[in-house]
Amino acid sequence: METHELKRKAAQIRMDLLKMIHGAKTGHTGGSLSNTDILTVLYYSMMKVDPQQPKWPDRDRFIASKGHSVESLYCILADKGFFPKEELATFSRFGSRLIGHPNNKVPGIEMNTGALGHGLSVSVGIALAGRMDGRDYRTYTLMGDGELAEGSVWEAAMAAAHYKLDTLVGIVDRNRLQISGSTEDVMALEPLRGKWESFGWTVHEVDGNDTAALETLLRQLPTVPGKPSLIIANTVKGKGVSFAENVPHWHHHVPSDDELALALAELAKEAGETL
Amino acid sequence: MTTVNKIANRQVICETLVEQAATDRDIVVLASDSRGSAALAPFAKAYPEQFVETGIAEQNIVGIAAGLASAGKKPFVASPACFLSMRAIEQIKVDVAYSATNVKLIGISGGVSYGALGMSHHSLQDIAVTRAIPGLTVILPADRHETRRATEALLQHEGGVYMRIGRNPVQDCYESAEAIPFEIGKAVELRQGDAVTLIAAGETVRVALDAADALAAEGIACRVLNMHTIKPLDAEAVLRAARETAGIITLEEHSIHGGLGAAVAEVVVAHQPVPMRIVGIPDEPAITGTTAELFEHYGISVANIRELVADLLRER
């Protein structure tokens, strides 16, 4: 997909997820908006996946370790044809399989996540299995920055470097906000690059809302053979909706009718402008 | 009379996995600096490419195993039951049970195997927590022969299982592995009788057999059920015992709260209320000692069972 098309696609996904959250009257809005560009680049430019064969053994894997921002993922999987787009209207409703966190009964979702600090360990296992079976698939894991306070993340970080898993790409959605406020006030993460480097990873920083920069970087990985790659994707929580950007309560704020209309207008302009 | 057995259940698991791995390259064994205590060093040596060491990191080992399983592997995690079932319980709940991955969790040195090491090293709540998790199967094999059959069954079974074994060799309950009709979820009636039913699992099965044999010599025929699978529980066998005998005594190397006794009571109380006694470790940090000393101290003993059987027969 061309770069300008990725930008347009990201705006469309944001519109879909806002409508979905508004309809369901629940959702993690801010984080889903911040990670939309990352997921768009992964699913429309990078990953080998086949909606007709969700369990294709050679597929690239995506693990949503920050499972709470599942809305963008559901919208993308529906858009790609893993399941009917109409099903998005059932999000979080009684009996729906579109639960508020990833559910692997939904085609295209590998693992149930939602409890933080699990995804990187699971990804280490998937990457190890790929090596054992001689498959060259990539495993991408998206973590929240607030999530990095979980000790199990660092157990997995150690293991990934120990086993030289260079097919593994960890991405930190570095939006600098968690539910109680700034990540640096709640539990300081900096120096974040140094932490990952000292755990044996090759670390890259990128504007995580710049689809072109993300694509360029992802295509170069791994830059150091034998080392797992970590991307610090600097993002803006609530990205794409001016009045939601960097506002902590949009973590799980549900847009009102007026807010939805304003947001959709902004995003439509974005999608249109980049046509 | 049974012969003195010197082979620990953990060794049997390793032997079985080494045999099966020769033809099944998807078997992967994971250890958390526990290959020695799990007696898995021979597997690590024979199949280094099918062995994953995670270091002392129980959360990570379960997550990695779930990832391996999601990519088609058949992972067996061997880690001390006390840590595996507590430190990694959220990974067990989410990555194994909820995600429906085919992970086999082997809790080694379970119960009071580390009797002298204190409550940190006892796993006396593991059955309570694992059996409360939907989709997880919970198994305690009685002796080395049943451990072999259980391990073989795990290889055929698709889905998450927690299997707890003890550290030390236990006296045989069966004459050979071939003699066992092992089926997950199906209790084995090891002694027939209509006086009182003794229901046991894991290392307490041998105690139940010894008690039943002693009572049989006195003319009291107790039924013994080896409830090797605590979840899913063989409710039919429990209800037959409730209908056909004067009462039920459960024996477990576990807290009296939430384990085998509770599982049996849940069935009995709803469908066929009968007098019961739940024998296990009371709600306290267990006293220091060997497994045998602790069993004796807490009444997992022939003498105590004899008294409890007499009680129940008086109530009949």
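Residues numbered from 1 in each chain as written. Chains lettered and ligands numbered in written order. Predicted model: local features only at pLDDT ≥ 70, side-chain atom pairs only at ≥ 80, totals over all residues.

The next point concerns the sheet that holds strand β7 (residues 229–234) of chain A. Paired through their backbone hydrogen bonds, the strands of a sheet run either parallel or antiparallel. Residues and elements named next belong to chain A. The strand order across the open sheet built from five strands is β1-β2-β3-β7-β6, with neighbouring strands paired in parallel fashion. Edge positions in the sheet fall to β1 (61–64) and β6 (202–207), since each has one partner strand and no second. Between one strand axis and the next, the sheet turns by 20° as a mean value, whatever way the strands run. The sheet contact formed by β6 and β7 spans six bridges and is parallel. Bridge pairing in β7 links Val-203 to Leu-230. Where helix α4 (residues 119–132) meets the sheet, its contacts fall on β1, β2 (139–144) and β3 (168–174), and the angle it forms with β2 comes to roughly 175°. (Pairing = 2+ DSSP bridges. Helix = DSSP H or I, 4+ residues; strand = E, 2+ residues; numbered from the N terminus. Axes fitted to C-alpha atoms, helices over the stretch in contact; angles between N-to-C directions. Contact = placed C-beta atoms within 7 Å.)

The terminal C-alpha atoms of helix α1 (residues 3–24) of chain A lie 32 Å apart, and with 22 residues this matches the ideal 32 Å at 1.5 Å per residue to within 8%. Once α1(A) ends, the next one or two residues include A:Lys25, with phi positive near 60°. (Expected span 1.5 Å × (residues − 1).)

What follows is about the interface of chain A and chain B. Of the residues lining the interface, 21 residues belong to chain A; the matching set on chain B comes to 22 residues. Secondary structure elements with two or more residues in the side of chain A that touches chain B: α4 and α5 (151–162) of chain A. The biggest single contributor to the side of chain A that touches chain B is α4(A), with 10 residues. Here the side of chain A that touches chain B is composed, by residue class, of 11 nonpolar, eight polar and two charged. (Nonpolar A, V, L, I, M, F, W, Y, C, P; charged D, E, K, R; others polar.)

When the pLDDT values of chain B are averaged, the result is 96; 99% of them are 70 or greater. Across the predicted assembly, pTM comes out at 0.97 and ipTM at 0.96. (pLDDT = per-residue confidence, 0-100.)

This paragraph deals with the nonpolar core. Among the nonpolar cores identified, the biggest contains 171 residues, and A:Val124, B:Leu30, B:Ala65, B:Val77, B:Leu198 and B:Ala208 are the most heavily contacted of them. The residues that make up this core include at least three from each of domain 1 (9–164) and domain 2 (188–315) of chain B. Excluding residues within four positions of it along the chain, B:Ala208 makes contact with B:Leu198, B:Ala200, B:Val224 and B:Leu251. (Core = buried A, V, L, I, M, F, W, Y, C linked by C-beta atoms within 7 Å. Buried ≥ 20, exposed ≤ 12 C-beta atoms within 10 Å, placed from the backbone. Domains from an automatic or database assignment.)

Turning to the domain arrangement of chain B, a few remarks are in order. All names here are of chain B. Taken domain by domain, chain B comprises domain 1 (9–164) and domain 2 (188–315). Relative to domain 2, the C-alpha centre of domain 1 lies at a distance of 26 Å. Each partner contributes to the interface: domain 1 provides 22 residues, whereas domain 2 provides 28 residues. Those elements giving two or more residues to the side of domain 1 that touches domain 2 turn out to be α6 (126–131), β5 (137–139) and α7 (144–156). Among the residues forming the side of domain 1 that touches domain 2, the class breakdown is 13 nonpolar, six polar and three charged.

Once that is clear, we can look at the environment of B:Lys74. All names here are of chain B. On the secondary structure map, Lys-74 appears in strand β3 (residues 74–80). Judged by local crowding, Lys-74 falls into the buried class, with 23 C-beta atoms found within 10 Å. Spatially, the C-alpha atom of Lys-74 lies 12 Å from that of Gln-20, the residues being 54 residues apart in sequence. Filtering out sequence-adjacent residues up to four positions away, Lys-74 remains in contact with Asp-26, Ile-27, Val-28, Asn-102 and Leu-155.

Residues and elements named next belong to chain B. If you walk across this open sheet you meet the five strands as β7-β9-β8-β11-β12, and the pairing is mixed. Two strands bound the open sheet, and with one partner strand each, they are β7 (188–191) and β12 (276–281). Going across the sheet, the axis of each strand differs from the next one's by a mean of 25°, ignoring polarity. For strand β11 (residues 248–255) and β12, the ladder comprises five bridges, and the chain directions are parallel. In the strand pairing of β12, Leu-251 is matched with Val-279. The strands that helix α8 (residues 204–217) touches are β7, β8 (197–200), β9 (223–226) and β11; relative to β8, the one it contacts most, it runs at about 160°.

Another point: the packing of helix α1 (residues 9–21) of chain B against α7(B). All names here are of chain B. Put simply, α1 and α7 touch, their axes get as near as 9 Å, and they point 40° apart. It follows from the interaxial angle that α1 and α7 lie oblique. In the packing of α1 onto α7, the handedness of the crossing is right-handed. Between α1 and α7, the contacting residues are Asn-9, Val-12, Ile-13, Thr-16, Leu-17 and Gln-20 on the first element and Arg-144, Thr-147, Arg-148, Thr-151, Glu-152 and Leu-155 on the second. Split by residue class, the contact of α1 with α7 holds four nonpolar, five polar and three charged. (Parallel < 35°, antiparallel > 145°, perpendicular 65-115°, else oblique. Left-handed = near helix turned anticlockwise from the far one by under 90°.)

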